[in-house]
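Here is what each chain is made of, one letter per residue.
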Amino acid sequence: MFAAEKLITVPFDVYRYDPARGGEPRYQHYELQLAPHTPVLTGLLRIRDELDPTLTLRYSCRSAICGSCAMLVNSKSRLVCRTPVGPEVAEHGRIVVDPMRNQPVVRDLVVDQTPFWDRYEQMEPHLIPDPQRPMPEGRTTLMTPAQVDRFKDTPRCIACAACYSACPAVEADPEFPGPMALAKLYRFVVDPRDGGHQARLRKIQTSGLWLCLRCHLCTEACPKEVRPSERIRDLKELAVRAQGGTEPGSRHAIGFLKNIEEGGTLNEMKLVRQTSGLIGTAKAAGQGIRLVRKKPEMLKRPKTIEGIDEVRKLYRALEKDEEVPL
Amino acid sequence: MKFAYYPGCVAKESGKELDLATRWVSARVGIELVEFPNFSCCGSGFLDEANGLLNVALNARNLAIAEKAGLDLLTVCSTCQGMLTFANRRLENAAVRAKVDGALQPLGISYSGKTRVTHLLQVLTDQVGADRIRGMVRRPLTGLKVGAFYGCHLLRPADEMHSESAEEPHSFEDLISALGATPVLYRGRVMCCGFPILFVKEPTANRIAGHQIHDAKAHGADAMATPCPLCHISLDSFQNKASTAVGEKLDMPIFHLPQLVGLALGATPEDLGLPRHLVSTDAALQKLGRVAVPA
């Protein structure tokens with residue numbers, strides 16, 4: 001027989017806000033007796049059904065498939081349907097539930113996802129026909145297993161927006177499309193049936209790709225292990241290889257490549273010139289002078305490392321190779 | 001404790017004070033640093049974006065240098081820590097491994113994958129131990145409220161970094177407590193400093209840095225400390241611009257991790273290169289009674 005778990009007292013502090021009624025957001029305290037394995041979502045539904053019918057939240061499948069119930073549990077991005085209360089209470093003594101970040105709150109735990117979906121649509125998330133290779137009429141186009149592997153884990157995405165909520169670039173700059181949109185874009189860029197690869201890469205290079213901070217907060221937040229930050233890295237390499245240094249971001253990456261080939265180590269001043277050009281460097285001169293006054297060795301050319309020949313031979317051996325999926 | 005010391009590019013150039021402080025602290029806590037003049041740059045995440053495979057190969061060469069000497073690698077930069085650890089991880093992929101081996105072999109270099117990459121923060125908290133450090137403190141940092149700023153690549157992706165909890169880390173705070181200071185908890189401590197896009201879109205990078213400094217300040221921090229010299233550039237060297245970006249005079253002293261340790265172990269500000277900072281650390285030192293309050 002399965003032994004029933006002992007119930008524990010679970011203190012909830014739930015974010016409440018109703019713009020229609022005005023007033024400031026606040027936290028409301030509730031307590032329930034729950035088994036430790038009970039999902040936070042079940043707790044919230046019991047609050048709504050038994051204690052407070054005005055509590056508003058979004059959910060659907062209760063099985064981590066629909067992506068509706070992403071929220072912050074003790075400040076961490078979680079699908080509440082699969083986050084048990086026990087460990088949270090053990091670690092924090094209570095469960096603080098907040099709505100996701102980077103999206104306006106509609107009411108309580110429900111956010112307006114319009115900006116998230118708008119950015120997704122901007123990626124044209126559908127196959128663009130290749131005029132050179134028309135799809136066979138009336139029959140399925142098959143892909144090889146190796147081609148499908150190229151998608152990595154991007155098809156697992158359930159569009160819960162946990163990554164979007166966690167992303168500091170989304171928070172700081174409306175130009176950045178967000179991790180989910182870029183992971184989706186990657187999926188089409190590597191799709192052999194898609195005819196829009198180059199146009200997609202050109203477009204994204206000037207509309208936010210290089211604003212990714214590679215902080216990996218999205219990869220940490222993702223409940224489905226899609227690893228958006230790593231796919232954004234892949235997109236950047238594909239863009240650099242196909243289109244070279246057209247933007248400050250790709251010029252910086254190529255500047256690094258050249259810098260290390262030259263001396264094995266970073267030449268900070270030279271890199272600024274390579275990325276920003278003469279005009280950009282001149283604009284940055286004021287800040288440069290402030291820095292050099294405190295850190296004069298920045299003006300000196302760094303010493304070339306011993307064994308630079310080995311480094312250069314590795315360049316010769318690998319620079320012509322096609323991109324290898326990492 | 002003996003390590004192959006991988007200072008990284010910034011600690012040898014604009015962040016020289018980090019190298020100074022690392023050497024000062026290592027000598028006192030029993031860490032022997034072995035230097036290798038043939039280490040190349042870790043790629044800093046940027047080279048990875050231009051040619052990921054080449055970046056793995058260059059770091060495999062770095063890791064092989066340490067392996068040949070029978071030493072684990074010690075980093076003092078969250079980004080070096082991240083890139084070198086990524087290389088180890090990516091070499092577990094057979095296709096990547098075959099390509100990299102194929103390029104290293106003609107140079108007479110082989111790397112079996114044994115070199116462990118460890119950051120100074122981890123060595124201080126796990127190997128030296130926060131308790132032993134507490135015992136070595138000569139001038140406790142009593143009364144100083146310090147916000148730890150971890151730097152992304154020390155923590156994430158957590159499954160690759162094999163680190164402590166990426167969402168709720170505590171090693172840095174444990175160390176700050178051991179030094180006699182009071183750790184300040186704030187959301188920004190595990191966030192990004194903005195550095196990776198400083199040369200792509202500076203105002204956005206400045207705004208991100210400003211958010212994190214503001215957050216630490218709003219939670220009562222007198223100073224922040226970071227184990228990453230790139231975070232230091234963003235938070236200290238460009239703090240004037242971060243202040244403008246968030247419309248607030250931030251005036252936040254930013255310590256490199258070993259500088260904070262050194263202060264508690266009895267180093268002078270000069271030993272640790274504190275005068276090289278763009279934001280004066282005097283306010284924090286005054287709080288500790290270490291410099292005269294100007295009349």
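Please refer to the structure placed before this passage.
Each residue is numbered by its place in its chain's sequence as written, counting from 1. All chains are assigned letters beginning at A, and all ligands numbers beginning at 1, according to the order in which they are written. Given that the model is predicted, a residue must reach a pLDDT of at least 70 before its local features are reported, and side-chain atom pairs must reach 80 or more before they are shown or counted; all residues, however, enter totals for whole chains, interfaces and linings. Hydrogens and waters are ignored; side-chain quantities use all the structure's heavy atoms.

A. The arrangement of the nonpolar core in detail. Take the buried Ala, Val, Leu, Ile, Met, Phe, Trp, Tyr and Cys residues and link them wherever side-chain atoms come within 4.5 Å; each set so joined is a nonpolar core. Buried, partly exposed and exposed residues are distinguished by accessible area as a fraction of the type maximum, computed with a 1.4 Å probe on protein chains only: under 20%, between the cut-offs, and over 50%, respectively. One finds A:Phe12 and A:Leu44 to be the most contacted residues of the largest nonpolar core, which totals 150 residues. To qualify as a helix, a DSSP run of H or I must reach at least 4 residues; to qualify as a strand, a run of E must reach at least 2; elements of each kind are numbered from the N terminus. Counting residues per element, this core draws most heavily on helix H4 (residues 52-68) of chain B, at ten residues. In what follows, a contact means two residues having at least one pair of non-hydrogen atoms within 4.5 Å. Those residues in contact with A:Leu44 that sit more than four places away from it in its chain are A:Val14, A:Leu55, A:Leu57, A:Met71, A:Val80, A:Val97 and A:Leu109. Membership of the second largest hydrophobic core comes to 48 residues, among which are B:Val25, B:Val29, B:Leu74 and B:Ala181.

B. Main features of the packing of helix H14 (residues 308-318) of chain A against helix H6 (residues 94-104) of chain B. Between H14(A) and H6(B), whose axes approach to 9 Å, the crossing angle comes to 130°. Comparing the axis directions of H14(A) and H6(B) gives the class oblique. Considering only the axes of H14(A) and H6(B), their crossing is right-handed. Here A:Leu314, A:Ala317 and A:Leu318 of H14(A) come into contact with H6(B), specifically with B:Lys99, B:Ala103 and B:Leu104. Residues are grouped as follows: nonpolar covers Ala, Val, Leu, Ile, Met, Phe, Trp, Tyr, Cys and Pro; charged covers Asp, Glu, Lys and Arg; every other residue, Gly included, is treated as polar. Among the residues making up the contact of H14(A) with H6(B), the classes are represented as five nonpolar, no polar and one charged. Helix axes use the C-alpha atoms of the stretch in contact, all axes being lines fitted to C-alpha atoms, and the angles between their N-to-C directions lie in the range 0 to 180 degrees. Relative orientations are named as follows: roughly parallel for angles under 35 degrees, roughly antiparallel for angles over 145 degrees, roughly perpendicular for angles from 65 to 115 degrees, and oblique for any other angle. Handedness of each helix crossing follows the sense of rotation of the near helix against the far helix: counterclockwise by less than a right angle gives left-handed, clockwise gives right-handed.

C. Here's a closer look at the pairing of strand S5 (residues 145-148) of chain B. Residue and element names in this part refer to chain B. Taken together, the three bridges between S5 and strand S6 (residues 182-184) define a ladder with parallel strand orientation. Paired with Lys145 across the two strands is Thr182, which belongs to S6. At least two bridges found by DSSP between two strands is the condition for calling them paired. Bridge count for S5 against strand S7 (residues 223-226) is three bridges, and the pairing is parallel. Residue pairing in the sheet places Ala148 in a bridge with Ala225 of S7.

D. The arrangement of the packing of aromatic side chains in detail. Side-chain rings of Phe, Tyr and Trp, where Trp is taken by its six-membered ring, are said to pair if the distance between their centres is within 6.5 Å; with planes under 30 degrees apart they count as stacked, over 60 as edge-to-face, and otherwise as tilted. Following the criterion strictly, the structure yields nine aromatic pairs over all chains and no others. Their ring planes at 80° and their centres at 5.5 Å tell us that A:Trp117 and A:Tyr120 sit as a pair that is edge-to-face. Linking A:Trp117 with A:Tyr120, this pair stays in helix H3 (residues 114-122), spanning three residues, or about one helical turn. Ring geometry for B:Tyr150 versus B:Phe172: centroids 5.6 Å apart, planes at 85°, classification edge-to-face.

E. Spotlight on the interface of chain B and chain A. Taken together, the 69 residues of chain B in the interface contact 66 residues of chain A. Buried area between chain B and chain A, both sides added, is near 6300 Å², and the carbon and sulfur share of it is 61%. A quick way to say it: buried area is the sum, across both parts, of accessible area lost when two parts are put together, with a 1.4 Å probe. It is B:Glu13, B:Glu49 and B:Phe199 in chain B that bury the most area against chain A; as a group they hold 12% of the surface buried on that side. When a carboxyl oxygen of Asp or Glu lies within 4 Å of a side-chain nitrogen of Lys or Arg, that pair is called a salt bridge. One can count 13 salt bridges joining chain B with chain A. Linking B:Lys201 and A:Glu175 is a salt bridge whose minimum nitrogen-to-oxygen distance equals 2.7 Å. Whenever a nitrogen or oxygen atom comes within 3.5 Å of another N or O atom, the pair is scored as a polar contact, on the condition that within protein one atom can donate a hydrogen and the other can accept it, and that pairs from neighbouring residues in sequence are kept only if both atoms are in side chains. In this structure, the connection of chain B to chain A is made through 31 residue pairs in polar contact (both at pLDDT 80 or more). A total of seven residues in the side of chain B that touches chain A trace back to one element, the largest contributor, which is H4(B). A class-by-class count of the residues in the side of chain B that touches chain A yields 34 nonpolar, 16 polar and 19 charged.

F. Quick peek at the side chain of B:Asn62. Residues and elements named next belong to chain B. By secondary structure assignment, the location of Asn62 is in helix H4. What makes Asn62 buried here is its relative accessible area of 0%. Discounting residues that sit within four places of it in the chain, Asn62 has contacts with Tyr6, Asn38, Phe39, Ser40, Cys41 and Leu84.

G. Just the sheet that holds strand S4 (residues 117-119) of chain B, in detail. Residues and elements named next belong to chain B. Read from one edge of the open sheet, four strands run S2-S1-S3-S4, paired in parallel fashion. Across the chains shown, the open sheet's two edge strands, defined by having one partner strand only, are strand S2 (32-35) and S4. Within this sheet the neighbouring strands show an average axis-to-axis angle of 45°, counted without direction. Here four bridges tie strand S1 (residues 2-6) to strand S3 (residues 72-75), and the two strands are oriented parallel to one another. In the strand pairing of S3, Ala4 is matched with Leu73. Relative to the sheet, helix H5 (residues 78-90) contacts S1, S3 and S4, its axis offset from that of S4 by approximately 160°.

H. Spatial organisation of the sheet that holds strand S4 (residues 76-79) of chain A. Residues and elements named next belong to chain A. A sheet is described by the order of its strands in space; here five strands give the open sequence S2-S1-S5-S3-S4, paired in mixed fashion. Each edge of the open sheet carries a strand with a single partner, namely strand S2 (26-34) and S4. Strand after strand, the sheet turns through a mean of 35° between neighbouring axes, direction not considered. With three bridges joining them, strand S1 (residues 8-16) and strand S5 (residues 95-98) adopt parallel strand pairing. Following the sheet pairing, Phe12 is matched in S5 by Ile95. Strands S1, S2, strand S3 (70-73) and S5 of the sheet are contacted by helix H1 (residues 40-51), whose axis makes an angle of about 100° with S2.

I. Layout of unusual backbone geometry. Cis geometry is found at the peptide bond from B:Arg156 to B:Pro157, where omega equals -10°. Along the chain, the position of B:Pro157 falls in the loop between helix H8 (152-155) and helix H9 (158-161). One non-glycine residue, A:Asn102, lies in positive phi territory at about 65°. Residue placement: A:Asn102 occurs in the loop between S5 and strand S6 (105-107). Among the residues examined, A:Asn102 registers a relative accessible area of 22% and is labelled partly exposed. Even without being a glycine, A:Asp108 presents a positive backbone phi close to 45°. Residue placement: A:Asp108 occurs in the loop between S6 and strand S7 (110-111).

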